[in-house]
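Per-entry structural report
Okay, here's what each chain looks like letter by letter:
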Amino acid sequence: MELKFKNKKFNIMVIGDVHEKYDGGKNTEDFLRMLNKMAEELKPDLAMYMGDLVSQDVFDENGNRYPATKEQILAQIERITEPVTSRNIPFALVFGNHDGEGEDVFPKETLLELFRQIPGFVVDDTVVTKEDIFGCGNGNILIKSSDGTKNVFNLWLIDSGNLNPDGGYAYVQPDQIEWYERTAEKLKEENGGVPLPAAVFQHIPIPEEYELLKKTSKFNPLNTKGYGINSDKYYLLDREKAAGYLGEGPAAPNVNSGEFDSWKRMGDVVCAFFGHDHMNEFIGEVDGITLRQCRGSGFHIYGDGLKQGVCMLRLNENDPRNFQITSHHYRDYFGTKSETIKGYMLLSDRWHTNFKKALTGLGIVTGVTAASVIVKKLRKK
Ligand SMILES: [Fe+2]
Ligand SMILES: [Fe+2]
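Residues numbered from 1 in each chain as written. Chains lettered and ligands numbered in written order. Predicted model: local features only at pLDDT ≥ 70, side-chain atom pairs only at ≥ 80, totals over all residues.

Some thoughts on the overall build of the chain
Formally: Secondary structure is summarised from DSSP: a helix means a run of H or I of at least four residues, a strand means a run of E of at least two, and numbering begins at the N terminus for each. Note that the radius of gyration is over C-alpha atoms, with the globule rule given as 2.2 Å times the number of residues to the power 0.38. As a rule, residues whose C-beta atom has 12 or fewer other C-beta atoms within 10 Å are exposed, those with 20 or more are buried, and those in between are partly exposed; C-beta atoms are placed from the backbone.
Secondary structure assignment for the chain yields seven helices and 18 strands. Relative to its length of 381 residues, the chain is compact, with a C-alpha radius of gyration of 22 Å against a globular reference of 21 Å. Its C-alpha atoms give the chain principal-axis dimensions of roughly 95 × 45 × 40 Å. Buried positions account for 40% of the 381 residues belonging to the chain.

Printed below as a string of C-alpha cells:
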C-alpha cells in the first residue's frame, strides 16, 4: 500500500500499549470509546500501534490458564483495530515484549500473519525486511510526496524483543542496527545524498531516555525510582530538557547496544517513539533527536487518572524535519466518565505508588503507636 502526503500534510496517530484481553469487557469499552472518538476527530492518515497488543492467554471460570486459539487472538485484533479500519485508516505496528511471550505456542510471525488478514494493515512484504535479522516485523514504511514522485519521510519499525537472558529487558541487536544503517544509507543515496528524514517506532525505550531526567533525593516525595541498572537512583523529569509526565522509572534495557549513536551517525532520525512504560508520557530532545515516550492507551493495564491517550505526529511535506507532536487524552474528550477508572484512581497518575506510600506511612504510625502502648503497659507492670 502506497502512503502519500495529502495537501502536503501527513498525520500519524501513535497508540501506546493496548494490552487487550480475550474477553474484552468494560475496560475494552473505555478503550474503544476513546479510540473511536480520536480516530473520528483527529483523522490520521496512519495509525501506529506501539506493541503489547493482545493477550495470548485465556482463563476459564476457575482461573485456569490456557493458550488462546488463533480465533481468539484474531477476535482481539479485529476489536482493537476496528476504530481505524472502519474509517479506512491504514495502520501499522511494532511488536512489544508481551507479544513475544507466547512464542513457544504462538510466535510473532503467526501474529503478524493474523494482522495481515485485517484490511488496511500496511506491514506487508514490501515493508518488512527480507534480511535474516533478530526479531519480527523490522522494516520501514516510505511516505511519498503529495504528487507521488519522490520519498519525503521514512518510518522505521523496530522489534525491541522481549527479555535479556542476562537480566532486564531485551535490547536492539547489532544485526538490526547494521540492517538499519545499510538501509538508511541506501535511502540517502536515492535521496540525492541527503539523509531521508525519519521517525523510529519501537516498543522498549532506549537508555537515553534517562538523559531527559535529573537525579533527586530518595526522600523527595515527588521522586520516581529508576529501573534496572538505575534502580538505586531517584529521578524527576528535567524540566529544562523535557516536558510531560514521569510516572515510573523508564524500563529501558540494562545494555546500551549503540542504537541511538547509530541514529546520530546516520543523521536521518528526527524523532523516536516508545511504548512499554504505561504511565510515562514525556518528550524532549537528546543530541538533536526528539524522544517521545507514549503512555498506554488501554484500560486493562496499570495507569490511571483517565489520561490514557494517543499522540499525533504531524508532518509537513515542505519541511519534514520540522514536525509537531500533539497529545490527546481520554479525559480531554470524556472528562471523568468511565466504566473502569473510578474513585481515588482519578486523583493521581501514580495512585498505586502514592497508595503504597500512604499505606507504608500508616503502617509506620500504627507500628510506632502499638510499640509505645506496649512499652507503657510494660512500665506500669
Ligand atoms: Fe505494556
Ligand atoms: Fe512492554
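Let's pick the thread back up.
Examining the sheet that holds strand S1 (residues 3–4)
The line we're drawing: When DSSP finds two or more bridges between a pair of strands, those strands are recorded as paired.
The eight strands lie next to each other as S1-S7-S8-S9-S14-S16-S15-S13, forming an open sheet whose pairing is mixed. Looking at strand neighbours, the two that pair on one side only are S1 and strand S13 (242–245), the edges of this open sheet.

Brief notes about the nonpolar core
Put simply, the test is: By definition, a nonpolar core groups buried Ala, Val, Leu, Ile, Met, Phe, Trp, Tyr and Cys residues that are joined through C-beta atoms within 7 Å. Residue pairs are scored as contacts if the distance between their C-beta atoms, which are placed from the backbone, is within 7 Å.
Counting 86 residues, the largest nonpolar core has Val14, Met48, Ala199 and Phe201 as the members making the most contacts within it. Apart from the residues lying within four places of it in its own chain, the contact partners of Ala199 are Leu155, Val270, Cys271, Ala272, Phe273 and Leu313.

Re the pairing of strand S16 (residues 289–293)
Pairing geometry for strand S14 (residues 269–274) and S16, over four bridges, is parallel. Of the residues in S16, the one forming a bridge with Ala272 is Leu291. Alignment of strand S15 (residues 281–286) against S16, held across five bridges, turns out to be antiparallel. Residue pairing in the sheet places Val286 in a bridge with Ile289 of S16.

Notes on unusual backbone geometry
Most peptide bonds adopt trans geometry, and most residues besides glycine take a negative phi value. Positioned with a positive phi, Asn7 is a non-glycine residue whose angle comes to about 50 degrees. By the element assignment, Asn7 lies in the loop between S1 and strand S2 (9–15).

Details of the packing of helix H1 (residues 26–42) against helix H2 (residues 70–85)
Packed helix pairs are characterised by how far apart their axes lie and by the angle those axes make with each other. Definition in use: Every axis in this analysis is a line fitted to C-alpha atoms, fitted for helices over the stretch in contact. Angles between the N-to-C directions lie between 0 and 180 degrees. Any angle from 65 to 115 degrees is called roughly perpendicular, while one under 35 is roughly parallel, one over 145 is roughly antiparallel, and all others are oblique. It is the rotation of the near helix from the far one that decides the hand of a crossing: anticlockwise by less than a right angle makes it left-handed, clockwise makes it right-handed. Polarity classes work like this: nonpolar for Ala, Val, Leu, Ile, Met, Phe, Trp, Tyr, Cys and Pro, charged for Asp, Glu, Lys and Arg, and polar for all others, with Gly in that last group.
Relative orientation of the contacting elements H1 and H2 amounts to 20 degrees, with a least axis distance of 8 Å. On the basis of the axis angle, H1 is roughly parallel to H2. In this structure, H1 meets H2 at a crossing whose hand is right-handed. Each of Thr28, Leu32, Leu35, Asn36 and Ala39 in H1 lies in contact with H2, whose residues at this interface are Arg79, Pro83 and Val84. Of the residues belonging to the contact of H1 with H2, the class tally is five nonpolar, two polar and one charged.

What about the domain arrangement of the chain?
Inclusion rule: Each domain's extent was defined by an automatic or database domain assignment.
For the chain, the domain assignment lists domain 1 (3–348) and domain 2 (350–381). Placing the centre of domain 1 and that of domain 2 at their C-alpha centroids yields a distance of 43 Å.

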